[in-house]
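Observations on the three-dimensional arrangement
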Amino acid sequence: YRQTIAAHKLIETPQGNLALLSKECFSNGSIGTVDITYPSSPFFLYYNPELAKALMNFIYEYCEGGGWEKDFAPHDVGQYPLVNGQVYGNNALKYQMPVEECGNMLVMDANVALATGSADFAAEHLELLEGWCTYLIKYGADPEDQLCTDDFAGHLAHNCNLSLKAVMGLQGMAIITDMLGDGEKSAFYRGEAEKMAANWMNTALNADGTSNLAFDQPNTYSMKYNMVWDKVWGTNLFTQEFMDAEIADNMKHFNKYGMPLDSRADYTKSDWLVWVASMASSKEVFEEYIAPLWKAYDESSSRVPMTDWYDTVSGKTVSFQHRTVQGGLFIKLMEKDFTEKCRRILKK
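The structure reproduced in this document is the subject of the present report. Predicted model, so just to flag it, every value in this text is computed and none were measured. (Residues numbered from 1 in each chain as written. Predicted model: local features only at pLDDT ≥ 70, side-chain atom pairs only at ≥ 80, totals over all residues. Heavy atoms only, no water.)

**Overview of unusual backbone geometry**
Formally: Here a strand is any run of E in DSSP of at least two residues, a helix any run of H or I of at least four, and the numbering for each starts at the N terminus. Relative accessibility under 20% of the residue-type maximum defines a buried residue, over 50% an exposed one, and the middle range a partly exposed one, all with a 1.4 Å probe and only protein chains included.
Residue P81 is bonded to the preceding Y80 through a cis peptide linkage, with omega at 5°. As for its position among the elements, P81 is in the loop between β4 (78-79) and α4 (98-116). In this structure, F26 takes a positive phi of about 60° despite not being glycine. Within the fold, F26 resides in the loop between β2 (18-22) and β3 (30-31). On the basis of relative accessibility, which here comes to 41%, the residue F26 falls in the partly exposed class. Although it is not a glycine, H158 sits at a positive phi angle of roughly 60°. If you trace the backbone, H158 turns up in the loop between α6 (126-139) and α7 (160-179).

**Description of the nonpolar core**
Worth spelling out the cut-off: Take the buried Ala, Val, Leu, Ile, Met, Phe, Trp, Tyr and Cys residues and link them wherever side-chain atoms come within 4.5 Å; each set so joined is a nonpolar core. Any two residues whose heavy atoms approach within 4.5 Å are treated as being in contact.
Counting 98 residues, the largest nonpolar core has M105, W132, W200, M223, W229, W233 and F238 as its most contacted members. Contacts of W200, omitting those with residues within four sequence positions, involve C160, S163, L164, L205, S211, F215, K224, M227, F238 and F242.

**A short note on the sheet that holds strand β6 (residues 309-311)**
Threshold: Two strands form a pair only when DSSP identifies at least two bridges running between them. Every axis corresponds to a line fitted to the C-alpha atoms, with the helix fit spanning only the stretch in contact, and the corresponding angles, defined between N-to-C directions, vary from 0 to 180 degrees.
Judged by pairing direction, the sheet is antiparallel, and its three strands sit side by side in the order β5-β6-β7 without closing on themselves. Only two strands of the sheet have a single neighbouring strand rather than two, namely β5 (267-269) and β7 (317-319). Adjacent strand axes in the sheet meet at a mean angle of 40°, parallel and antiparallel pairs treated alike. Of the pairings in the sheet, the one linking β6 to β7 comprises two bridges and is antiparallel in character. Residue pairing in the sheet places Y310 in a bridge with T317 of β7. Against the sheet, helix α11 (residues 270-277) makes contact with β5 and β6, and its axis sits at roughly 70° relative to β5, the strand it touches most.

Here it is in structure tokens:
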């Protein structure tokens, strides 16, 4: 709780909006890193959705004020303490995360709408959100050689989990437009999400029904943490049976301290591990999936502020510590009431 809040500063923007500026700890100190905000967001959605809005206000102001002119969402808005424009990768195209950040913003805005019972916040930025949907429809089904939030693992083309980010982003927009009373647009975005999800199921799987790390890499695996919103929202793009089967297969790859991020290395991420566990249909399986994470923190010889990137064999930190992404560990607390609220809103 303390760690998630600590690397934020609450200010008022020149436009009079609240801005909860995040600092990307243990990295280059970027402010408002969208793929840091995304994993931290369950914490703020659970405790105070107004702060979830504040995590996005200044990103929208940056984009809509002419500071960002690309057809996809930015990675950040500056390097601490200056909010004066994206700095990541010196803005070179190869270092961008277009599918990642577009999907993140759409999912987070849908979550704000559901948490508050109103899509008015999204309505203020609808043109921008629709532009990001256009990008996802064009490039999200089978992403090119792009970085995702797990950029420490390097570039990966045809990333199955990144494709799920596009699916959920489009579903998020279907929720937003439905709540705004635009049934035609909602049906369009839902249709695009359904098509992309069906394509995913046709191309991401091995013969035994397990899913791969990348569409062109058979007999690999990865944590499909972006799928969690389909369960939380109750949008049924994927079946619970598939999620349960995926979790059961994950458990075959467990090391002493849990599920590796993917088949490339033994390290994992704490936030994503809890997100995948939250896809389970039973509390017992959820607890079984996260038990090695608790064990890692209890037994690790790395005495550092809570790390989110550790080795599942040794339990030692790989890198990263005291980061806001641990807000993602609150997703299971958020899920119970949030899921019921989603279903009530989406049935109207």
